[in-house]
Structures are given as structure tokens and as C-alpha cells.
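# Observations on chain architecture
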Number of protein chains: 2
Amino acid sequence: MNSPDRFDHFEGDMVSEARLLASIQSRMTAGEDVHVGPGDDAAVLARPSGPLIVSVDQCVEGLHFLPDTDLDSIGRKAVRRAAGDLAAMAASPLGLVATALLPSRFTQREALRLYESIRTEAESINCPLVGGDTSVWRKDLQGGLHLSVTVLGFTHHPVLRSTAQLGDRVCVTGPLGGSFVSGRHLSPPVRIREAMQLRDELKVELHAMIDVSDGLGKDALAIAMASRVRLHLHRESIPCHPGTSWKDALQDGEDHELLFTVSPQADLSVIPFPTFEIGTVVGGQPGVELVDENGGRTEVGHLGWNHGA
Amino acid sequence: MNSPDRFDHFEGDMVSEARLLASIQSRMTAGEDVHVGPGDDAAVLARPSGPLIVSVDQCVEGLHFLPDTDLDSIGRKAVRRAAGDLAAMAASPLGLVATALLPSRFTQREALRLYESIRTEAESINCPLVGGDTSVWRKDLQGGLHLSVTVLGFTHHPVLRSTAQLGDRVCVTGPLGGSFVSGRHLSPPVRIREAMQLRDELKVELHAMIDVSDGLGKDALAIAMASRVRLHLHRESIPCHPGTSWKDALQDGEDHELLFTVSPQADLSVIPFPTFEIGTVVGGQPGVELVDENGGRTEVGHLGWNHGA
């Protein structure tokens, strides 16, 4: 009656979830906030000091990385993508759980290397890997590698997309554009620390925030739509990576810098890292306009919004 | 420079994540503990009343369901599988996040139906869907449907696998065996309420618990190994579904009943649902033995442990 080839959640000949788990457990550094780590039915974390922040992201072969990408980069990218959502809420990290769906050709060594890259990256951002689940594609299915990472954090003052205010200044934490062609998409910046500093320094003057994952055009539009405002972005002020243009910055994704709005009075000089002021929040029909040096205006909220829809 | 066909996280012609989200948002019933639901960078939940419980599970086409399974059943199974881990810790549910990786042939209607089944099932167990992520396989990859569900809960008294004690009685909340051949694996029981009742009624006399997902043999062994004890299971006491035997109960998985140990003094008559006493916790080398009506003993911890390893 047992049908391990039909629905058992672990059927690989080459990869043992039990051995993976044992290896992960042996390498974990115990944090006092992790009461129970990987190995029981669920993880147990200390009660958070404020409201709970949770977000999940996927990292899929062929979509988020190419088949020949090294495993260290894949694990790192999966963690950093998800971490971007904690940063975007200005949350303090608590921990994360990850799933891996492995191609049937995977070896134990490869599976372990992938988890090691997730574990070490998670530890490096103070968001320890506390649990997970591993499955292996059936041999007759040529499915690619798939990861999901769920991040947990907390904050008394989550910074939403929907709370931009008229007159706000629009800022970004770093240069944008060209993340895929440059390979930067595999190791995007993690702005959790910067987001907590913005939150702690600017307090109520930090109004709205998002991380730039789908391109500045689309992500600015997400703030505009949620807050029911217009964003004017000054073309010449947009920081771009060398070799990229404002158009790449607007269109390309996976930069994972923070896009935020602050009150006109906010003193950005107290922020201990560079920020770039790139626009203002104005009234009118929700949308995003690019303003050039001659005052010419172009609607750009659709840029980056070129998939699905 | 933009390469939506290479790494954008949403490229399907047929499915729009924005429209999915709008539909999910419109159908959500606001819970006072959900401060921010789907649609921002992350969800915001009220600060939990105790330590945080988190677990993640996958539900993969070809492994956990067959390609012709209806979408309602797939969504339900994905939620219930993960919910089993909350039950196993005796946690009160807080909320869940889900990811879907959709075959490129999926239509908007199918995607919506899948999310609707997740949303309604999640609501029915008081564990609302508060966030998620959707991707679509590249058209040139014939990848199957993949779901992941991360469940969040809380409890001051998580019930672990590692805390069984010598002399404990071993109990289970319902009949086992034959979940796949019967189709029951698609709608396993959710024992969250029962687990909370066990926790609240038995208090410190409830020692260890796990949900039976990999077969009674393997899951009993998980308690034995974690607690460094032996479990004696009485063959004639094991409750089996009609048409199945104790061997199916030991070997088959995905029953999602609770297997727990209680002190010898525990008064099970206070429990407002049936429980089945099937064994005892004894000393010796960690393992699981089946004891027949003549006192004959067979090592059975390896049963159900037939994949990977």
C-alpha cells in the first residue's frame, strides 16, 4: 500500500533530508532568541518585541537565476531577495525558514552546499535559518531548482507603501539599473540595517518605503497607487550604476535599494550613509512622472510593468 | 537591457499577479490581528501572545498530488499539511503565507481558484492567508505546479518531540493507514483545535507530540530518537482505517493525526474527543518495537523510513 514513488515527500536516492538536517544542526550557532531550531515539527522563537512582519519570496531556475549559476550565489540571492522585504518594512530580523525543491540529479554534497549558503547568508544578516523543508523532483520530471524563503521580523513602526504624503521628498539608498547584465542580481545589497537606521533616526518623518525589486518605475508606481499620490522623479537625480542610464534604472529590477519618502522637514544629514533625493510627492491622479532638465514630463509608471498584467 | 524573459519574477501572459492580489484582497475578511494583509512588501500581524511557532511545507505535483488532481484539493492539502505542524506543537494559529509556482499553461481563472482554495481553507482553520508570491514557469520548461505554505502560530508551551518520559503512555488522535489509496491524503484532518485542547486540559502531563505525516513507524521513531527512549506499540491497539492493517498504519504517511505521549497519571477522560492509547515509553536503545498479542516483538522504526536515507 505504501507508495513512496507516488506521494512520499522525499524520494531521492542521492539526497537524504535526515543527513542534511543533521549537518545543518551541527553548524548552527545557537541564538538565545531561537528556542527550538530545525529538527522538530516547527521552530520556536522568542516572543517578538513588537508586531510581527512576515514575507515570502521564491527563487526559480530559469526565472531568477540561470541553470549554470553556482549554488552559493543561488542560496545568497534567495535569502537577500526575501530580506529586501524586511528592509522595506524597516523591520528588525527574527529568523527565516526555507524550502528547496531539488532536481533529481542533485547530490547530497550539492544539497548541503545550497543549504550552507542559505544558512551562512541568513546568519550574516542576523536572520538565522530556523527551519525548512526539502523535496526532490521525481526522476521522470525534469523540474528545475526552486527555493522559497520566508522571512520573519518585528517592528513597532512598519513603514508601508500607502503612507506617502503630499510634499514628501522621494529618496533612494543607492544606484540602480543593470542588475542582470552585470550579475549584481545574484548578490543584491541587503538594506536591513539602513532601514532600521532610517526608522530610528527619522522616526515619524519617514513616511513610505518599498524595496526596488521590479524597477524604479514600477516600484514608484506601487507607492503612488497605494498612497493615492503622484511621484515626480527628476531624471538627472536618479543614481545609476556605471554603464546604465535612467531608463535602465526605471525598467530593470532586482536592485533591492530602498525607495522612500520623507517629510520636507526631515534632516537627512543625520543618516549615516548616502541617500539620493530623486523627486517629490505631488497631488493628482496616482502615477509616476519623469521630469527632465527642461521641465519636460513623461509618464513612466508603466516602465518595469511589462510582465503579466 | 531589461530581460523579462530571463529573470523577471513574473512573465506569464495569462496570469496577472496584480489581478490575483486584487481579487484576494477583495475577498479577505479583515481580522483584527492582521494589521496589514497582502499587498505591501510584507504582512504585519499583531504581536503574538507568546513565543512564535513557524514551519514550512511544500506541496509538489507528482510527489504530493497527481497531475489530474483538482485545484481545490491541492490548495486544501497544501494548507492542511502545513497546519499539521502547528498542531504538532500545540500552537494557536496566527496566519500563513503561501507561494505558488504555476505551470505556464495556467489561466488566470485557475490561478485564482487555487488561491481561493488556499484562502478559504486558511480562514476555516483561523490561520488567515496574509501574504504570498506567485511565479510562472518559463514556457520552455515543463515544470509542474508547486506550492509552499509557511504557517505561523504561538504558544507558551510548545510540545516537542524530545520530551517523552519513561513510563509515558503513547496515544494517537485517530485511525491511520491508506491515506493515498483512499484519497484521504488530499483532505487530511486538521488537529489544531484538538492539540490546543490537549495542551489546555493535560498541561504539563502532555509530554511529547508529533503529527503523523511519514507513517506511524517513522514518526514514532522521531519521538524515540529525539527523546532517547524506546516506544513499545501494541499492535492490536493501533487504530486503522477500514480496509487497512497495522502495517499500513506504520508505513503509510499523510495521516496527520497527532501522536503524543502523556504521563501515566494523566486523566484522558477530560479530553473532549476520542484518543487511542497504543503503547508505552520504555528505556533502552532508542527505537520503536511492535508488540503483538503474544508478546512477540518486532523492530518497526524503519518502517516508513524507506525514502532517501
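As the structure is a computational prediction, the values presented were derived from the model and not from experiment. (Residues numbered from 1 in each chain as written. Chains lettered and ligands numbered in written order. Predicted model: local features only at pLDDT ≥ 70, side-chain atom pairs only at ≥ 80, totals over all residues. Heavy atoms only, no water.)

### Some thoughts on the relation of the copies chain B and chain A
- At an RMSD of 0.0 Å, chain B and chain A line up after a rotation of 180 degrees and a shift of 0.0 Å along the axis. One copy is carried onto the other by what is essentially a two-fold rotation axis. No C-alpha of chain B approaches the rotation axis more nearly than that of Gly143 of chain B, which lies at 2.6 Å.
- Here 100% of the contact residues of chain B are again contact residues in chain A; the copies associate through an equivalent surface. (Least-squares fit on C-alpha atoms with pLDDT ≥ 70 in both. Contact = heavy atoms within 4.5 Å.)

### Some thoughts on the confidence of the model for chain A
All names here are of chain A.
- Chain-level statistics for chain A give a pLDDT mean of 91 and a share of 93% at 70 or above.
- Low pLDDT, under 50, characterises residues 1–13; the stretch is placed with 56 contacts to residues that sit more than four places away or in other chains.
- Across residues 305–309, where pLDDT falls below 50, the model places 13 contacts with residues more than four positions away in sequence or in other chains. (pLDDT = per-residue confidence, 0-100.)

### Focus: unusual backbone geometry
- Although it is not a glycine, Lys203 of chain A sits at a positive phi angle of roughly 50 degrees.
- For Lys203 of chain A, the location among the structural elements is in the loop between helix 5 (192–202) and strand 8 (206–211).
- Here Lys203 of chain A falls in the exposed class, since its relative accessible area comes to 58%.
- Despite not being glycine, Asn126 of chain B has its phi angle at roughly 60 degrees, a positive value.
- Within the fold, Asn126 of chain B resides in the loop between helix 3 (108–124) and strand 5 (129–136). (Helix = DSSP H or I, 4+ residues; strand = E, 2+ residues; numbered from the N terminus. Buried < 20%, exposed > 50% of the residue type's maximum accessible area, 1.4 Å probe, protein only.)

### Details of the sheet that holds strand 8 (residues 206–211) of chain B
All names here are of chain B.
- An order of 8-10-7-11-9-12-13 is seen for the 7 strands of this open sheet, with the pairing classed as mixed. With one partner strand each, in any of the chains shown, strand 8 and strand 13 (297–299) form the two edges of the open sheet. For this sheet the average axis-to-axis angle between neighbouring strands, irrespective of direction, equals 25 degrees.
- Relative to strand 10 (residues 258–262), strand 7 (residues 169–172) runs antiparallel, the two being bridged by 4 bridges. Its bridge partner being in strand 10, Arg169 is matched across the sheet by Val262.
- Contacts between helix 5 (residues 192–202) and the sheet are confined to strand 8 and strand 10, with strand 8 contributing the most and set at about 175 degrees to the helix. (Pairing = 2+ DSSP bridges. Axes fitted to C-alpha atoms, helices over the stretch in contact; angles between N-to-C directions.)

### Describing the interface of chain B and chain A
- In this complex, chain B contributes 90 residues to the contact, which on the side of chain A involves 92 residues.
- Between chain B and chain A, roughly 7200 Å² of surface is buried when both sides are summed, and carbon and sulfur atoms account for 59% of that area.
- For the pair chain B and chain A, the number of links is 21 residue pairs in polar contact (both at pLDDT 80 or more).
- Counting residues per element, the side of chain B that touches chain A draws most heavily on strand 3 (residues 52–60) of chain B, which supplies 8 residues.
- Classifying every residue of the side of chain B that touches chain A gives 40 nonpolar, 30 polar and 20 charged. (Buried area = accessible area lost by both parts, 1.4 Å probe. Polar contact = N/O pair within 3.5 Å; in protein donor to acceptor, adjacent residues only side chain to side chain. Nonpolar A, V, L, I, M, F, W, Y, C, P; charged D, E, K, R; others polar.)

### Some thoughts on the pairing of strand 12 (residues 287–291) of chain B
Residue and element names in this part refer to chain B.
- When you tally the buried positions in strand 12, you get 5 out of 5 residues, the bulk of the element.
- Neither face of strand 12 is open: one carries Gly287, Glu289 and Val291, the other Val288 and Leu290, and all of them are buried.
- Alignment of strand 9 (residues 230–234) against strand 12, held across 5 bridges, turns out to be parallel. In the sheet register, Leu231 faces strand 12, and the bridge partner there is Val288.
- With 3 bridges joining them, strand 12 and strand 13 adopt antiparallel strand pairing. The residue of strand 13 that forms the bridge with Leu290 is Thr298.

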